[in-house]
Amino acid sequence: MSKFTTQHEDFKNLQRRLLYLRLGLLLGLLLLSVRLWYLQVVKGTYYRALSEQNRIRTVDLKPARGLIFDRHGELLANNVPSFNLYLTVEDIRDREGLATALEDLLGLPRAETKKRLALQARSYVPILVKAGLTLREAALIEGHRLDLPGLRIQAESQRNYPQGSLGGHLLGYVGEVSPEQLDEPAFAGLAQGSMVGKAGVEKTYDRMIRGTAGEKIIEVDARGNERKTVEVVEQTPGDDLHLSLDMRMQQMAESLLGEEAGAVVALDTTNGDVLVLASRPTFDPNTLSRGLTAAVWEQIASDPRHPLTNRTLQGQYPPGSTFKIVVASAALESDKWSSDTKVRCTGTFPSGNHVFKDWKKGGHGVMDMDQAIVNSCDVYFYNIGHRLGIDTIAETARWFGLGQLTGIDLPSERIGIVPSTEWKQRVRKEPWYAGETISVAIGQGYVSVTPLQMAVATAAVANGGILYKPRLVRAVRERASSRLREIPPQDRGSVPLQDRTFALLHESLHGVVTRGTGGRARSKIVEIAGKTGTAQTVGARPVQTGTNHEAVPKQFRDHAWFVAYAPADAPRIAVAVIVENIGHGGTFAAPIAKALIEEYLKVSETDDRHQNTGQF
Amino acid sequence: MIDTRTPDNFEWRFVLVAMGILAVGVISIYSVAPGPAPGGQAPLYAKQLAWILIGTLAFLAAIAIDYHKLARHAYILYALMLIVLALVLVMGKSSRGAQRWFSLGPIAFQPSEVAKLVLVLVLAKYFADVQRSGWVQRVIVPGLLTLPGLLLILKQPDLGTAMSFTFICVSMVLVSGLHAKALGMGVLFTSMLFPFAWELIWTSLHDYQRERILTFWDPMIDPAGKGYHALQARIAIGAGGLLGKGLDEATQSRLKFLPEGHTDFVFAVFAEQWGFIGVLVLFLLFATLIFLASEIAFKARDPLGLLLAAGILSMLGFCLMVNVGMTMGIFPIVGIPLPLMSYGGTTTVTSMAALGLLLNVKRRRLTLFY
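From a predicted model like this one, the values you see are computed outputs, not experimental measurements.

The rules behind these values
The numbering scheme is per chain: residues are counted from 1 as the chain's sequence reads. The order in which chains are written sets their letters, starting at A; the order in which ligands are written sets their numbers, starting at 1. Given that this is a predicted model, residues contribute local features only at a pLDDT of at least 70 and side-chain atom pairs are listed and counted only at 80 or more, while totals for whole chains, interfaces and linings are drawn from all residues. A run of DSSP states H or I qualifies as a helix once it reaches four residues; a run of E qualifies as a strand once it reaches two. Both are numbered from the N-terminal end. Each residue is classed by its C-beta neighbour count within 10 Å, where at least 20 other C-beta atoms makes it buried, 12 or fewer makes it exposed, and intermediate counts make it partly exposed; the C-beta atoms are placed from backbone geometry. Once C-beta atoms are placed from the backbone, any two residues with those atoms within 7 Å are in contact. Three classes are used, and their members are as follows: Ala, Val, Leu, Ile, Met, Phe, Trp, Tyr, Cys and Pro are nonpolar, Asp, Glu, Lys and Arg are charged, and the others, Gly among them, are polar. We define a nonpolar core as a collection of buried residues of the types Ala, Val, Leu, Ile, Met, Phe, Trp, Tyr and Cys that are connected via C-beta atoms lying within 7 Å of each other. One requirement defines pairing of two strands: DSSP has to find at least two bridges between them. In this analysis, axes come from line fits to C-alpha atoms, helices being fitted only over the stretch in contact, and the angle between any two N-to-C directions falls in the range 0 to 180 degrees. Crossings are sorted by hand: turned counterclockwise from the far helix by less than a right angle, the near helix makes the crossing left-handed, and turned clockwise it makes it right-handed. Values of pLDDT, the confidence the predictor places in each residue, fall between 0 and 100. Oblique is the label for every angle not falling under 35 degrees (roughly parallel), over 145 degrees (roughly antiparallel), or within 65 to 115 degrees (roughly perpendicular).

Asks: Could you give an account of the overall build of chain B, naming the residues involved and the relevant values?
Replies: Counting secondary structure elements, chain B contains 15 helices and three strands. Across the 370 residues that make up chain B, the buried fraction comes to 48%. Long-range contacts, defined as pairs at least 24 residues apart, comprise 70% of the intrachain contacts of chain B with a sequence gap of at least 6.

Right, dumping it as structure tokens:
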């Protein structure tokens, strides 16, 4: 009995303690419910936002840049599909390994990759590692994708320049918008990594041709794979540009310059259209637009021949004898000189301690204005300079637009120097010495110009004084409206010369070609007017002869100038040519101008015929 | 004589609740992995259904064989179990730094899951047989019984199952009776030993286990790395809100931000889809199961039945608490599946067999008066 009681009590105890276990478990569930309430109800909104952040990604839809055409509709810039390699810094696990892999697979220098990774401020924005992967490279990367988290290949449109390096300077190139640019209003609203124009018309017209980026909101899974599209805002392609440039002539100009450094500018004298804007040596904008490595960039930037410089508007050269057009105008407009004023040229002109020499030993003999221009007599112009003084010459030079921006629709134009007493005091903090005027009178000394400025001035002489603003883009095809919007020609006023001054200039410049220093520009097809120039490479000093022998090192030889317009009686084209370190302008620059003029007038006559018969 | 073969209402309730939880589990598994498993295998939910089928056989078998008969072989079963646990250390399949599974063709068998049930059986048998008086009988012997299994499981290592083992032992010691004084001594002794033991435990842990424990305190220490599981689970649960996001919109689980959504984190999947209300219903099902199981234990015919039922209750209850707790971030993440819901052959079959044993205990009680 007692044993049974003990057993019974023992069982009762077991049951009692069992209830504690039950109570404990049920209390546990209650506790879990409280925690659940906190997570789901109290913090529910917060966690829902976090879950949205997990799944939603915004992908930029990059717009296609506008196309660029020349005046005949030839394609100068378009877009082609390209495999681009992107890197998201946040997803990288092993920087060292990644840098090594990129070097092994793509040949990207390891140190450079690490430097770029270190510079990246916003770690979740993909950065462009390399654009334009070959199919082989893309396959290699895809094959190693699992070992290289953070790398992604994206098919995008890549800027392409079908003409290669032709017109590279004026077209420019594109590149990723820089962090500094993103802070500027002109680039407001652009995403990091957007492509913008870095030079040339790509830069000037960037806002028109870059288009508007779209946005695709997608849902991704934990591995970042796209699962579905939530929302799309379509991108708008950029506007197309129609240049006034004649690509055939551009090509001709560049091949005529060949391996020589130099520049050729050709303008339509009737409206300022830029027909040719050639600068050598040049570069291939395709290379610069495809994500350069620092080594290649360094190589281009440190090239002693400065291929990136657009010599047509950044090269500042002494104008040499082409400046005599300006000095002659100044003389004819002043009451101190006339076309009949005669000077005996003995080959020398003493001034102060110096004796200035004529390029022709022994001199030209007695010269009037016309003869002095035709024969490019230095002594005659030394006398003009001595008589007029620097400030009169400077004023006339500014009438022709020298020392100022031409206003062409290209970035980074230089203005050259039109020296004056005021200029020297301001810049050099020294007074002007009368002797310095003598050098300037033949386009040496402090005076410097760009080839484009000379072309504009020559066109103004040709068209009777209208100083046009060079127009490179004639029209814009607006994508939004499909409308072709013309950009009208603009002039910057006129050169205030008397008619008889123009008449004499026209006569004498024609004479330069028919009976003077520019004989090499004489054409069987068309009457050409022009002026030769030979610019000294070594600073302001008296003229010396004998620097153009083959024995003289190349970099010390003179620059050859030739400015011209044609037809002489009814001008339609003006040309400025400079070939660096080669010798006399009449010998080396004049034939280039002649060839271009002949090509232009031959072709445009054909165009005219088409227009007349209504076929155009 | 009452025909014990006829199920009464009570049993139907019990079975229905268990089926309900199993069904919820299959739906959750389906929602994270609706397609075929990698390697062209059948989809996970289909495999889980097959496991439930096998589990049903185990369930029926566990009802059929009288638990007294089973208890008679408890020590032999436990010895066999220890041999298997030792074998898995030698021959088992190694994965993620742990050696827990036997690979039988496409099926992975995890002996430590079964070992928990065998431990319950052997402890119930022991406590039912002895006088349960004095230190040695009450604590030392059961402790020594548990220790070999515990050490073998720690060696794998399987922290979660080792904790289950410890909890089963402790809770059965408590249910079988411990004077307040003895309990106090025990607690004091353990806490005095803890600093030394901690050193031992901490250094014996694998790196990933230590990281899990550290990131438990603050998942933001390393949100993309070691804290990722904990953080993503918390986001999934929280994003569910009051009413849940539904099967299609539950992006955390559907898009796999939540790892292991079909196994250890199945609760988070369910919570994201069904929300607070849904989880309350699920908790109600589990609470009912706990209530019914403890009722069975309470009304058991003899101490063996009671202890067996209590052991099973604490085994399943512990897994439930720890799994849900770690998913919600109140426990560190240890690999413990959610009973009856997580995908897994061994755990499903074992849990269902355990439920069968509970009904077994219930159905033998009426023969007391026979």
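Asks: Which residues make up the overall build of chain A, and what values go with them?
Replies: Helix and strand counts for chain A come out as 23 helices and 23 strands. Out of the 616 residues in chain A, the part that is buried amounts to 44%. Considering only contacts within chain A whose residues lie at least 6 apart along the sequence, 74% involve residues at least 24 apart.

Asks: Help me get a handle on the interface of chain A and chain B, residues and values and all.
Replies: Taken together, the contact pairs 32 residues of chain A with 41 residues of chain B. When residues of the side of chain A that touches chain B are traced back to their parent elements, those giving at least two are α1 (2-42) and α2 (44-55) of chain A. Looking at the side of chain A that touches chain B, the element that brings in the most residues is α1 of chain A, giving 20 residues. Taken together, the residues that form the side of chain A that touches chain B break down as 16 nonpolar, eight polar and eight charged.

Asks: Residue-level account of helix α16 (residues 378-388) of chain A, with values.
Replies: For an α-helix the count is 3.6 residues per turn, leaving residues at separations of three or four pointing the same way. Residues and elements named next belong to chain A. Most of α16 sits inside the fold, with nine of its 11 residues counted as buried. Within α16, burial applies to Asp-378, Val-379, Tyr-380, Phe-381, Tyr-382, Asn-383, Ile-384, Gly-385 and Leu-388. Downstream of α16 by a residue or two, Gly-389 has a phi angle that is positive, lying close to 85°.

Asks: Account for the nonpolar core, with residues named and values stated.
Replies: Counting residues in hydrophobic clusters, the biggest one holds 124 residues, and the most contacted among them are Val-575 and Leu-596 of chain A. If one sorts the elements of this core by residue count, helix α20 (residues 451-462) of chain A sits on top with nine residues. Those residues in contact with Leu-596 of chain A that lie beyond four places of it in its chain are Met-249, Met-252, Ala-253, Val-264, Ala-266, Val-276 and Val-575 of chain A. In terms of nonpolar packing, the next biggest core, distinct from the first, is built from 115 residues, Leu-32 and Leu-39 of chain A together with Leu-152 and Ile-333 of chain B among them.

Asks: Residue-level account of the sheet that holds strand β23 (residues 573-579) of chain A, with values.
Replies: Residue and element names in this part refer to chain A. Within the open sheet, the five strands sit side by side as β12-β11-β23-β22-β21. Their pairing is antiparallel. Since the sheet does not close on itself, it has two edges, and those belong to β12 (274-280) and β21 (529-535), each with one partner. Averaged over neighbouring strand pairs, the angle between their axes works out to 5° when direction is ignored. Alignment of strand β11 (residues 262-268) against β23, held across seven bridges, turns out to be antiparallel. From the neighbouring strand, Ala-263 faces β23, where its bridge partner is Ile-578.

Asks: Run through unusual backbone geometry, naming residues and quoting values.
Replies: With an omega of -15°, the peptide bond between Ala-566 of chain A and Pro-567 of chain A qualifies as cis. Tracing the backbone through its elements, the reader meets Pro-567 of chain A in the loop between β22 (559-566) and β23. A cis geometry characterises the amide bond from Gln-156 of chain B onward to Pro-157 of chain B, with omega recorded as -5°. Relative to the assigned elements, Pro-157 of chain B resides in the loop between α6 (135-155) and α7 (159-176). Despite not being glycine, Glu-260 of chain B shows a phi value in the positive range, around 55°. Tracing the chain through its elements places Glu-260 of chain B in the loop between α12 (251-254) and α13 (266-298). With a phi angle near 70°, Leu-340 of chain B is a residue other than glycine that sits in the positive phi range. On the basis of neighbour counts, which here come to 28 C-beta atoms within 10 Å, the residue Leu-340 of chain B falls in the buried class.

Asks: Before we move on, can you summarise the packing of helix α14 (residues 324-333) of chain A against helix α21 (residues 499-515) of chain A with the specific residues and values?
Replies: Residue and element names in this part refer to chain A. At a minimum axis distance of 10 Å, the contact between α14 and α21 shows a crossing angle of 145°. Viewed along their axes, α14 and α21 form a crossing whose handedness is right-handed. For the pair α14 and α21, contact is made by Ile-325, Ala-328, Ser-329, Leu-332 and Glu-333 and by Thr-501, Leu-504 and Leu-505, respectively.

Asks: Before we move on, could you go through the sheet that holds strand β9 (residues 226-233) of chain A and cite the residues and values that matter?
Replies: Residues and elements named next belong to chain A. Taken together, three strands build an open sheet; the order of strands is β1-β8-β9 and the sheet is antiparallel. The sheet terminates laterally at β1 (56-61) and β9, the two strands that pair on one side only. The average angle at which neighbouring strand axes cross in this sheet is 30°, direction not considered. For β1 and strand β8 (residues 214-220), the ladder comprises six bridges, and the chain directions are antiparallel. In the strand pairing of β8, Val-59 is matched with Lys-216.

Asks: Tell me about the confidence of the model for chain B, and name the residues and values.
Replies: For chain B, the mean per-residue pLDDT works out to 84, and 86% of the residues sit at or above 70. Mean pLDDT values for the elements of chain B range from 65 in helix α9 (residues 207-217) of chain B up to 94 in α13 of chain B.

Asks: Account for the pairing of strand β3 (residues 75-87) of chain A, naming residues and giving values.
Replies: Across a regular strand the side chains alternate sides, sitting on one face of the sheet and then on the other. Residue and element names in this part refer to chain A. Pairing of strand β2 (residues 68-69) with β3 involves two bridges; the strand directions are antiparallel. By the bridge assignment for β3, Ile-68 is matched with Ala-77. The turn joining β2 and β3, which pair antiparallel and follow one another in sequence, is formed by five residues; a positive phi near 85° is taken by Gly-73. Pairing of β3 with strand β4 (residues 127-133) involves four bridges; the strand directions are antiparallel. Residue pairing across strands places Leu-87 opposite Ile-127, the latter belonging to β4.

Asks: So what about the packing of α7 of chain B against helix α14 (residues 303-327) of chain B? Which residues, and what values?
Replies: All names here are of chain B. For the pair α7 and α14, interaxial distance at closest approach is 9 Å and the crossing angle is 140°. Viewed along their axes, α7 and α14 adopt a mutual orientation that is oblique. In this structure, α7 crosses over α14, and the sense of that crossing is right-handed. In contact with Ser-164, Phe-167, Ile-168, Ser-171, Met-172, Val-175 and Ser-176 of α7, α14 contributes Leu-307, Ala-310, Gly-311, Ser-314, Met-315, Phe-318 and Cys-319. Here the contact of α7 with α14 is composed, by residue class, of nine nonpolar, five polar and no charged.

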